[in-house]
Amino acid sequence: MSRSHRITLSGVDFIPDLSGALFAPEFGALLVADLHLEKGTSLARRGVHLPPYDTRESLLQLQAVVGSTQPRRLIFLGDSFHDGAARERIDASDLALLRAITARAETVWITGNHDPEPPEDVGGIIIEEMALGPVTLRHQPKALREVEAEISGHLHPAAAIQARGQRIRRRCFIADARRLIMPAFGSYTGALSVRSEAFEGLFGDFHVWMIGDKAVHRFPAAQVR
Amino acid sequence: MSLPQRFLDWFSLRGWAPRAHQLRVLDHAERRESVLLISPTGGGKTLAGFLPSLAEITARGSGEGIHTLYISPLKALAVDIARNLEAPIAEMGLPVIVETRTGDTPHSKRVRQRQKPPDILITTPEQVSLLVADPHAAHLLKGLRTVILDELHSMVTSKRGVLLSLALARVQALAPEAIRIGLSATVADPDALRAWLVPTGAEPAPLVLGQPGAKPNIRILSSVERVPWSGHSSIYAIPEVYEEIRRAKMTLVFVNTRSQAELVFQALWEANDDNLPIALHHGSLDVGQRRKVEAAMGEGRLRAVVCTSTLELGIDWGDVDLVVHVGAPKGSSRLLQRIGRSNHKLDLPSQALLVPSNRFEVLECQAALQAAEVNAQDTEYPMVLKMDVLAQHILCRACAGPFHPDELFAEISSAWTYRKLTRDEFDTAVDYVATGGYALRAYERYAKLKLQADGTLRLAHPRLAMAYRLNMGTIVEDEMLKVRLAHVKRRLGKRVVVGGRVLGEVEEWFVSQLTVGQTFVFAGEVLRFEGLDEFGALASRSNDREPMVPSYQGGKFPLSTYLAERVRQMLADPAAWNGLPPQVKAWLSLQRFRSVVPKAGEMLVETFPRADKHYMVCYPFEGRLAHQTLGMLLTRRLERAGMQPLGFVASEYALVIWMVRDLSLAVSSGRIVLGRLFDEDMMGDDLEAWMAESALMKRTFRNAAIIAGLIERRQPGKEKTARQMTVNTDLIYDVLRTHQPDHLLLRAAWDDAAEGLIDAFRLGAMLRRIKGQILHKPLDTVSPLSVPILLEIGRESVYGEGHDALLAEAANALIDEAMRLV
């Protein structure tokens, strides 16, 4: 795990992990956004049979980061399940793996637009949003009150930079002093450029932490295209 | 068979007589034998194909269902042929109804064609698949007597041909009496085409040869200018090419890539003091614009057209009397095909001019010229056994109605292309179509094929047939974006960009690397990128003469194995250098003096130091793709051997790798044995490991996934919101590779990459060829032969005057060093 970067929000330090998860050592909390479990099988009815291994792949990644950070709390920031029927489609062995992971930490499922009612039998509690010390955790970024700080997901941020004539685009964390948006964790989730309209007005002077192959890299807004 | 009297009258009325090959095709058809006719363009090939059908329909009477299917690779060609057929039918007063059916045919006409089929249906390969996917196919085709396959040579080398062969196997099952008439240009291996035409195990179709045309008159431009050392722009020769255009009536200027076409077109217009009507034609231009150019050509209103392979096939566009080929033609058959576009009259020699864009291309053009003189052919072998295409065809078959797997297996094996298909492979493909073929059985409930009590498989839902019709076909384009001309206005002090007419389409990756304000060449103009809107890219006209963003991507076609062999032989034989331009000859002579010239069977490896790095240059002449793969694999080996390689660059002819350690020393001290370094065993684990990670594999995977129906094509007008609906195929590739590395689609992607982008087969053959034949020459400094490839370092994607001046400055030092005597 790369411990070289710290993102500070309202005095709380967060460590962006190479897997796309975010660790808050002070609270022993591991945050994970936009898992989109069973996205692969979601189009089955229409006859689109994507390789159904995305859930397993995401859970193995999750298991690894839970193993390396040993969190006391595991908090999912919504859109953890791709749709309401995901629970019916999930393979028995994948379900067992998910339960084994949630059994290792106090688990919280924040609801998202894809999963307003996440399944209740996979361990943990379900809420709409929560506070982690001075920081609010919710699925979709909102207009912030005067002194509020927030961590959210939903937008699947990605950033591109130019290096040696090549354009390199990666998932990323994006944050200014008060707001942080996490990359999507799920293995079939696409990403949206932080330069696109959806991000307009959300950030002041921001940085991105791009997820490379072996490390997380930090860039100032000016370098992001 | 003798022709009916009114046919003979028609011929003699025109002062013609049926040609020998036309009568021979007629004979075979009367004996109900399939036949292959190989004949140059302009030899009355199309009429030869049609005569038997016209005669038979006249005898049996019209309106008895589809008698003849005529399959052409191009939509435009199909329409053109239908038009050309109307004349003889009308003039002879034959009771024959001819119609076309292409992707553009409206639904109402299709319905009418089903109720009242024409005697002759002219169509494209995809439409044949759609036809046999129709539940009424059996009824529609029951009276079919003849299938004519036009431009067969061009169809069989791609997945389109593989798909067509399966559709034809289905046609054969529905109309066992039908014969096939293949029409082809000259190919390297006619026997393969003869076998392709008939069911597995049957006697190959007899071969009929048309009358050969007059020998073409081919020249190589002997420029008074200095032939560049490297690069592909050919700008040096533009004034001379322009002179040729001025002297000719109508010139076709062929180039190898779209961006070369743009560049040459722009340069010609800069030289166009007489304001000659010179047009541009390539696949990315808007269809309407292309049709306009074609029409203007047909009416003789143009003096020249700069084009890519889009004008290579079939249609007679008018009185072309000169073909100019800018850049090396890459293959003898390609050159002959392109030259054949001039003078569609057999008895007159075609006129052609080759314009090499660098010194190695001078050698290549010379080799191509000699090959063309002896009419040597180097067409590719027909493509066989593609699993993604098989999967698509299985779904096609299911759309027509329930089928028994045993019967379908027999039918598919009857296609020459699938004669080696095993039952195991077939069952895997059926399982893939039904449930995705995953070890994790997630889709049993959602299977597309359902097993019936009688052992047949049935399509699970009619909706799947609709999806098949929208997604079928084997041509997968790069993701394209429309480019629209933008008008920039000022509104309340704000800059507002308004989109206007569509200029054409450009690859999405290209647009993704542009930033607002950058300029690039498109549709013959320098454009300024203004951003994206929901319809695509916006660009305004720019006053810049030099585009900021180059778009040259290297050659599309690799140098053919045959021409490569000829180039190697020419290089090895100083007597042959006399035919070369003096500056090229001097260059090679100096190579002999400063380094060494390899014998025809040898591969030269030069090693030398330069500016605190050590270089290795080798000259396999196997094409850029194979060299790139070789570079990748050698770099890994040199890394392991502790040589600290820093980079490599591959060209069509050579490969250079540079490193920290002294390779000359490592070889002389025996620490590295070149024979070991270039050993064939690099094609094992190293290749596997590299390919798995390669971006090229992701590209071939995407193609296979679309053809096999794993993911749906983007439908125009129905763009999905990217994030929610589509899953990026790169992500699918990564996940599938981790969890089921032996999946059908991964194997299909691997095969395609090995055959195509990675050219592993050719590389393997090369490594076997040079075993024990490596000629090592350690040098103190660069050699003359190595200059072109060294100049490619760091400039592969650069062209344009400004850049060239800079490069020339840097390069001159290098050339001086290499060409300095002693």
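Here, residues in each chain are numbered from 1, in the same order as that chain's written sequence. Following the order in which they are written, the chains are lettered starting with A and the ligands numbered starting with 1. The model is predicted, so local features are restricted to residues of pLDDT at least 70 and side-chain atom pairs to those at 80 or more, both for listing and for counting; the totals for chains, interfaces and linings are taken over all residues. Hydrogens are left out, water is left out, and the side-chain values use all remaining heavy atoms of the structure.

## As for the overall build of chain A
Helices and strands together make up the secondary structure of chain A, namely three helices and 16 strands. With the radius of gyration taken over C-alpha atoms, the globule rule is written as 2.2 Å times the number of residues to the power 0.38. By the compact-globule yardstick of 17 Å for 225 residues, chain A fits well, its C-alpha radius of gyration being 17 Å. With the C-alpha coordinates of chain A rotated into their principal frame, the extents come out at 45 × 40 × 30 Å. Contacts were defined at the residue level, with two residues in contact if any of their heavy atoms lie within 4.5 Å. Within chain A, residue pairs in contact and separated by at least 24 positions form 65% of the contacts whose partners lie at least 6 positions apart. When the accessible surface of chain A is totalled, it reaches about 9,100 Å², and 48% of it is carbon and sulfur. The way it works is that DSSP assigns letters per residue, a run of H or I at least four long becomes a helix, a run of E at least two long becomes a strand, and they are numbered from the N terminus. With residues, only the protein chains shown are counted as cover, and all accessible areas are computed by Shrake-Rupley using a 1.4 Å probe.

## Some remarks on the overall build of chain B
Each helix and strand in chain B was counted, giving 33 helices and 25 strands. Expressed as a percentage of its 822 residues, the buried residues of chain B come to 57%. Within chain B, residue pairs in contact and separated by at least 24 positions form 74% of the contacts whose partners lie at least 6 positions apart. Of the roughly 33,700 Å² that chain B leaves accessible, carbon and sulfur atoms contribute 53%. Under the scheme applied here, a residue whose accessible area is under 20% of the maximum for its type counts as buried, over 50% as exposed, and between as partly exposed, the area being computed with a 1.4 Å probe on protein chains only.

## Some thoughts on the packing of aromatic side chains
Residues and elements named next belong to chain B. Two rings belonging to Phe, Tyr or Trp (six-membered ring only in the last case) form a pair when the distance between their centres is within 6.5 Å. Interplanar angles under 30 degrees mark stacking, angles over 60 mark edge-to-face geometry, and anything in between is tilted. Overall, the coordinates contain 18 aromatic pairs over all chains when judged by the stated rule. Here F608 and Y615 contribute two aromatic rings whose centre-to-centre distance is 5.8 Å and whose plane-to-plane angle is 10 degrees, an arrangement assigned as stacked. According to the relative accessible area criterion, F608 is buried, its value standing at 1%. Clustering of aromatic rings is evident, with ring pairs tying together W229, F360, W587, F621 and Y653. The residue whose ring lies beneath R359 is W229, and the NZ or CZ to ring-centre distance is 4.1 Å. The rule for a charge over a ring is simple: NZ of Lys or CZ of Arg within 6 Å of the ring centre, and within 35 degrees of the ring normal.

## Overview of the pairing of strand β9 (residues 251-254) of chain B
Residues and elements named next belong to chain B. Residues T251 and V253 point to one face of β9 and L252 and F254 to the other, with burial holding for every one of them. Two strands qualify as a pair provided that DSSP identifies no fewer than 2 bridges between them. Pairing of β9 with strand β11 (residues 304-307), which is carried by four bridges, proceeds in the parallel orientation. When the sheet's bridge partners are listed, V253 is paired in β11 with V306. As judged from the four bridges shared by β9 and strand β12 (residues 322-326), these two strands associate in the parallel manner. Paired with L252 across the strands is V323, a residue of β12.

## Focus on the pattern of salt bridges
When a carboxyl oxygen of Asp or Glu lies within 4 Å of a side-chain nitrogen of Lys or Arg, that pair is called a salt bridge. The tally for this structure, following the rule as stated, stands at 53 salt bridges over all chains. For R145 of chain A, the salt bridge goes to E148 of chain A, with nearest N and O atoms at 3.4 Å. Using a relative accessible area of 58% as the deciding quantity, one classes R145 of chain A as exposed. A salt bridge links E622 of chain B to R568 of chain B; its shortest N-O distance comes to 3.6 Å. Pair noted here: E622 of chain B is in the loop between β22 (613-618) and α23 (624-640) and R568 of chain B is in helix α21 (residues 561-572), with a separation of 54 residues, a long-range link.

## What to know about helix α15 (residues 359-373) of chain B
All names here are of chain B. If you check α15, its first and last C-alpha atoms are 22 Å apart, about what 15 residues at 1.5 Å a residue would give, namely 21 Å. For α15, the tally of buried residues reaches 13 of 15 residues, placing the bulk of the element in the interior. Any N or O atom pair separated by 3.5 Å or less is treated as a polar contact, with the protein-specific requirement of one donor-capable and one acceptor-capable atom, and with residues adjacent in sequence counted only for side-chain atom pairs. Taking the backbone nitrogen of F360 as reference, a side-chain oxygen 3.2 Å away marks N358 as the first, capping residue of α15. A positive backbone phi angle near 55 degrees is found at N375, which sits one or two residues after α15. The span expected for a helix works out to 1.5 Å for each residue beyond the first.

## Remarks on the sheet that holds strand β24 (residues 655-659) of chain B
Residues and elements named next belong to chain B. Across the sheet, five strands lie side by side as β23-β24-β22-β21-β25; this open sheet has mixed pairing. Every other strand in the sheet has two partners, leaving β23 (645-650) and β25 (774-778) as the edge strands with one partner each. Looking at each pair of strands side by side, their axes are set apart by 15 degrees on average, direction ignored. Where β22 lies against β24, five bridges are found, and the strand directions are antiparallel. Looking at β24, one finds that M616 is bridged to I657. α23 rests against β22, β23 and β24 of the sheet, and its axis sits at about 170 degrees to β23. Axis definition: a line fit to C-alpha positions, over the contact stretch in the case of helices; interaxial angles, taken between N-to-C directions, run 0 to 180 degrees.

## A closer look at the domain arrangement of chain B
All names here are of chain B. Domain boundaries shown here were taken from an automatic or database domain assignment. Along its sequence, chain B is organised into domain 1 (5-209), domain 2 (217-373), domain 3 (387-471), domain 4 (480-541), domain 5 (561-679 + 772-794) and domain 6 (689-761). Between the C-alpha centres of domain 2 and domain 4 there is a distance of 29 Å. Across the contact, nine residues belong to domain 2 and 13 residues belong to domain 4. On the surface where domain 2 and domain 4 come into contact, there are zero salt bridges. Counting the contacts that link domain 2 with domain 4 gives zero residue pairs in polar contact (both at pLDDT 80 or more). By residue number, the principal contributor to the side of domain 2 that touches domain 4 is helix α12 (residues 258-271), which donates four residues. Residues are grouped as follows: Ala, Val, Leu, Ile, Met, Phe, Trp, Tyr, Cys and Pro are nonpolar; Asp, Glu, Lys and Arg are charged; all remaining types, including Gly, are polar. Among the residues making up the side of domain 2 that touches domain 4, the classes are represented as three nonpolar, three polar and three charged.

## Considering the packing of helix α1 (residues 54-69) of chain A against helix α29 (residues 729-739) of chain B
Two elements in contact, α1 of chain A and α29 of chain B, have axes separated by 10 Å at closest approach and are oriented at 80 degrees. In this view, α1 of chain A runs roughly perpendicular relative to α29 of chain B, as classed from their interaxial angle. Counting all contacts with α1 of chain A, which are made through D54, R56, E57 and L60 of chain A, the residues of α29 of chain B involved are V735, T738 and H739 of chain B. Residue classes in the contact of α1 of chain A with α29 of chain B are distributed as two nonpolar, two polar and three charged. Under this scheme an angle from 65 to 115 degrees is roughly perpendicular, one under 35 degrees roughly parallel, and one over 145 degrees roughly antiparallel; angles in between are oblique.

## What about the interface of chain B and chain A?
Tallying the contact residues gives 33 residues for chain B and 34 residues for chain A. Buried surface area refers to the total accessible area, computed with a probe of radius 1.4 Å, that the two partners give up upon joining, counted for both partners together. Between chain B and chain A, the buried area comes to about 2,900 Å², and carbon and sulfur atoms account for 60% of it. At the junction of chain B and chain A, the tally comes to one salt bridge. A salt bridge links E712 of chain B to R46 of chain A; the nearest nitrogen and oxygen atoms lie 3.0 Å apart.

## Observations concerning the sheet that holds strand β7 (residues 125-127) of chain A
Residue and element names in this part refer to chain A. Taken in spatial order, the seven strands make up an open sheet running β1-β2-β3-β4-β5-β6-β7, and their pairing is mixed. What marks the edges here is a single partner per strand, and that holds for β1 (7-9) and β7. Neighbour to neighbour, the strand axes of the sheet diverge by 25 degrees on average, direction disregarded. Against the sheet, α1 engages β3 (22-24), β4 (29-32) and β5 (73-76), with an angle of about 160 degrees to β4.

## Remarks on unusual backbone geometry
Here the phi dihedral of H154 of chain A falls at roughly 70 degrees; this positive angle occurs in a residue that is not glycine. Along the chain, the position of H154 of chain A falls in the loop between β10 (149-152) and β11 (157-163). In the Ramachandran plot, R32 of chain B falls in the positive-phi region, its phi being about 60 degrees despite a non-glycine side chain. Assignment of secondary structure puts R32 of chain B in the loop between α2 (20-30) and β1 (35-38).

## What about the environment of R702 of chain B?
Residue and element names in this part refer to chain B. If you trace the backbone, R702 turns up in helix α27 (residues 695-707). Given the relative accessible area of 16%, R702 is considered buried. Through-space distance from the C-alpha of R702 to that of Y615 is 37 Å; in sequence the pair is 87 residues apart.

## Re the side chain of T69 of chain A
Looking at the element boundaries, T69 of chain A is found in helix α1. A polar contact is formed between the side chain of T69 of chain A and the backbone oxygen of V65 of chain A, at a distance of 2.6 Å.

## Let's talk about the packing of helix α9 (residues 159-174) of chain B against helix α16 (residues 387-400) of chain B
All names here are of chain B. Between α9 and α16, the shortest axis-to-axis distance is 10 Å and the interhelical angle comes to 35 degrees. With respect to the hand of their crossing, α9 and α16 are arranged in right-handed fashion. Between α9 and α16, the contacting residues are K159, V162, L163, L166, A167 and R170 on the first element and D388, V389, L390, Q392, H393 and R397 on the second. Per-class residue counts for the contact of α9 with α16 are six nonpolar, two polar and four charged. Take the far helix as the reference: if the near one is turned anticlockwise from it by less than a right angle, the crossing is left-handed, and if turned clockwise, right-handed.

## With respect to the side chain of N272 of chain B
All names here are of chain B. Looking at the secondary structure, you find N272 in the loop between α12 and β10 (278-281). Of the residues examined, N272 reaches a relative accessible area of 6% and is grouped as buried. Reaching out from N272, the side chain makes a polar contact with the backbone nitrogen of N275 at a distance of 3.0 Å. Non-local contacts of N272, meaning those with residues more than four positions away in its chain, are made with Y242 and I278.

## Comments concerning the pairing of strand β2 (residues 68-71) of chain B
All names here are of chain B. Burial along β2 is two-sided: the residues T68 and Y70 and L69 and I71 are all buried. With four bridges joining them, β2 and strand β5 (residues 146-149) adopt parallel strand pairing. The partner of L69 across the bridge, within β5, is V147.

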